[in-house]
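In case you want the letters, here they are:
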Amino acid sequence: MIVEDLTLIKTIGKGAFGEVYLTSKSGSAEKFATKKVKKSVVMSDKVKKYFNNELLILKQVNHPNIIKLHEIKQTLNNFYLVFDFCNGGGLSNCLEKYKLKHNNKPFPEKIVQHFMRQIIAGIQYIHHKKILHRDIKLDNILVKFDNDADKESMNFLKATIKIIDFGFARYLESDSLAQSVLGSPINMDPKILMKMRKIDNNTSFGYDQKADIWSLGTVCYELLTGAPPFDATTYDDLISKIKQGSYKIPNELKLSKQSISFINAMLQCDPT
């Protein structure tokens, strides 16, 4: 499929709004990832709001650990969003591949440290711009290798991290708190989760950048242990475990005191 100077080579994924294609561009040796979005899908007010919100934010950020939106093209029926191509795929998939190759063992601390430095750098950057991400999880973090050899050998210590999916993100004005309930339950800040389940109906409910810090804790835990910190079949069970601080770090992993302290500091139910 050809759209102006873009050639959509093959489908490499599917998002909430449409397919993602490996893409080449006339006059460039670089590969890109193009998200095709049907205009009919983003016609509803709610979807249009998140779609426009993501475009607004991505146009205003520029950081090596944030996915770059290079350009937007459109035809009569579709929008085409041209992004960086991350040949390693999502971090969730990378973790599963690593476990498969290493007898079900999760990433070692050295690799997780390399990942977390970059993830935190990206989040710190958007927080300085008063932006909350609100949906930080392994599936929203992509991995980019410099070459095929590093990709094949899973040389993650040379990989670059790219944070994606800013549809739920929003600007936080000075001295204000966000109110709306968004995100993925397993990685969701406790205050937001309890509000969603109407457990906390406090009219002063609100949250700030610390909501993203909680999600970073869930990401770090999963990278180091191979599983989410809170395993539950219902929302209420999940909330109960979170309020009790009910997660365990397997002794057999022999994690350093620094790693355990780092996780514990982020997975605090009380944001203060």
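Heads up: these notes are all about the structure in this document. Just so you know, these numbers come straight off a predicted model, no measurement behind them. (Residues numbered from 1 in each chain as written. Predicted model: local features only at pLDDT ≥ 70, side-chain atom pairs only at ≥ 80, totals over all residues. Heavy atoms only, no water.)

**Some points on helix α2 (residues 91-101)**
The criterion, for reference: Only protein chains enter the accessibility calculation, which uses a 1.4 Å probe; a residue is then buried when its area is under 20% of its type maximum, exposed when over 50%, and partly exposed in between. The helix count covers DSSP runs of H or I at least four residues long, the strand count covers runs of E at least two residues long, and both are numbered beginning at the N terminus. As used here, the arc belongs to the directions running from the helix axis to the C-beta atoms. Residue contacts are counted whenever heavy atoms from the two residues lie within 4.5 Å of one another.
All of the buried residues along α2 are L91, C94, L95, Y98 and K99. Along the long axis of α2, the arc covered by the buried residues comes to 135°, so they all point the same way. Against the buried residues of α2 lie β7 (89-90), α3 (109-128), β9 (141-144), β10 (160-163) and α6 (210-225). Immediately downstream of α2, the backbone of N103 shows phi near 55°, a positive value.

**Some words on helix α1 (residues 45-60)**
Counted only if it meets this: Helix span, expected: 1.5 Å multiplied by one less than the number of residues in the helix.
For α1, built from 16 residues, the straight-helix expectation of 22 Å at 1.5 Å per residue is met to within 8% by its first-to-last C-alpha distance of 23 Å. Along α1, the residues that are buried comprise V47, Y50, F51, N53, E54, L55, I57 and L58.

**Structural notes on the sheet that holds β10**
The criterion, for reference: A pair of strands counts as paired when DSSP detects no fewer than two bridges linking them. Fitted lines through C-alpha atoms serve as axes, helices being fitted only where they are in contact, and the angles separating the N-to-C directions of these axes extend from 0 to 180 degrees.
One open sheet accounts for three strands, arranged β7-β9-β10; its pairing is antiparallel. The open sheet is flanked by β7 and β10, the only strands paired with a single partner. Strands in contact with α3 are β9 and β10; relative to β10, the strand with the most contacts, it is inclined by about 35°.

**Quick word on unusual backbone geometry**
Look at K130: it is not a glycine, yet its phi comes out positive at around 65°. Although it is not a glycine, R134 adopts a positive phi angle of roughly 75°. Considering the arrangement of structural elements, one finds R134 in the loop between β8 (131-132) and β9. For R134, a relative accessible area of 10% corresponds to the buried category.

**Remarks on the pattern of salt bridges**
The test is simple: When a carboxyl oxygen of Asp or Glu is within 4 Å of a side-chain nitrogen of Lys or Arg, the pair counts as a salt bridge.
Applying the stated criterion to the full structure yields seven salt bridges. Between K73 and E4 there is a salt bridge, with the nearest N and O atoms lying 3.0 Å from each other. Highlighted residues: K73 in strand β5 (residues 69-74) and E4 in the loop between β1 (2-3) and β2 (6-14), separated in sequence by 69 residues. For K73, a relative accessible area of 9% translates into the label buried. Of the residues examined, E4 reaches a relative accessible area of 59% and is grouped as exposed.

**Brief notes about the packing of aromatic side chains**
Note the threshold: Here a pair means two rings of Phe, Tyr or Trp (six-membered ring of Trp) with centres within 6.5 Å. Their orientation is stacked below 30 degrees between planes, edge-to-face above 60, and tilted elsewhere.
One pass over the full model with this rule turns up ten aromatic pairs. A centroid spacing of 4.9 Å and a plane angle of 50° characterise the contact between Y98 and F107, whose relative ring orientation is tilted. F107 shares its class with Y98; the two are buried. Ring centres of F107 and F115 lie 5.3 Å apart, and the angle between their planes is 80°; on these two criteria the pair is classed as edge-to-face. Side by side, F107 and F115 carry an identical accessibility label, which is buried. Three or more aromatic residues link up through ring pairs in this structure, and these residues are Y98, F107, F115, F145 and F156.

**As for the packing of α3 against α6**
The following threshold applies: Should an angle fall under 35 degrees it is called roughly parallel, over 145 degrees roughly antiparallel, and 65 to 115 degrees roughly perpendicular, with every other angle called oblique. With the far helix as reference, a near helix turned anticlockwise by less than a right angle produces a left-handed crossing, and one turned clockwise produces a right-handed crossing. Each residue is assigned to one class: nonpolar for Ala, Val, Leu, Ile, Met, Phe, Trp, Tyr, Cys and Pro, charged for Asp, Glu, Lys and Arg, and polar for all the others, Gly among them.
Relative to each other, α3 and α6 sit at 165°, their axes nearing to 10 Å. On the basis of their axis angle, the class for α3 and α6 is roughly antiparallel. Here α3 runs over α6; the crossing is right-handed. Every residue of α6 that contacts α3 at E109, V112, F115, M116, I119, I120, I123 and H127 is listed here: D212, I213, L216, V219, C220, L223 and L224. Taken together, the residues that form the contact of α3 with α6 break down as twelve nonpolar, one polar and two charged.

**Topic: the pairing of strand β4 (residues 28-38)**
Note on strand geometry: in a regular strand, side chains alternate between the two faces of the sheet. Relative to β4, strand β3 (residues 19-25) runs antiparallel, the two being bridged by six bridges. If you follow S24 over to β4, its bridge partner there is K31. If you look at the hairpin formed by β3 and β4, you'll find two residues sitting between the two strands, and G27 has a positive phi there, around 85°. Both β4 and strand β6 (residues 78-84) contribute to a ladder of seven bridges, which runs antiparallel. For F32, the partnering residue across the bridge sits in β6 and is D84.

**Regarding the sheet that holds β6**
With antiparallel pairing, six strands are arranged side by side in an open sheet as β1-β2-β3-β4-β6-β5. Edge positions in the sheet fall to β1 and β5, since each has one partner strand and no second. Relative to β2, β1 runs antiparallel, the two sharing two bridges. Bridged to V3 within β2 is L6.

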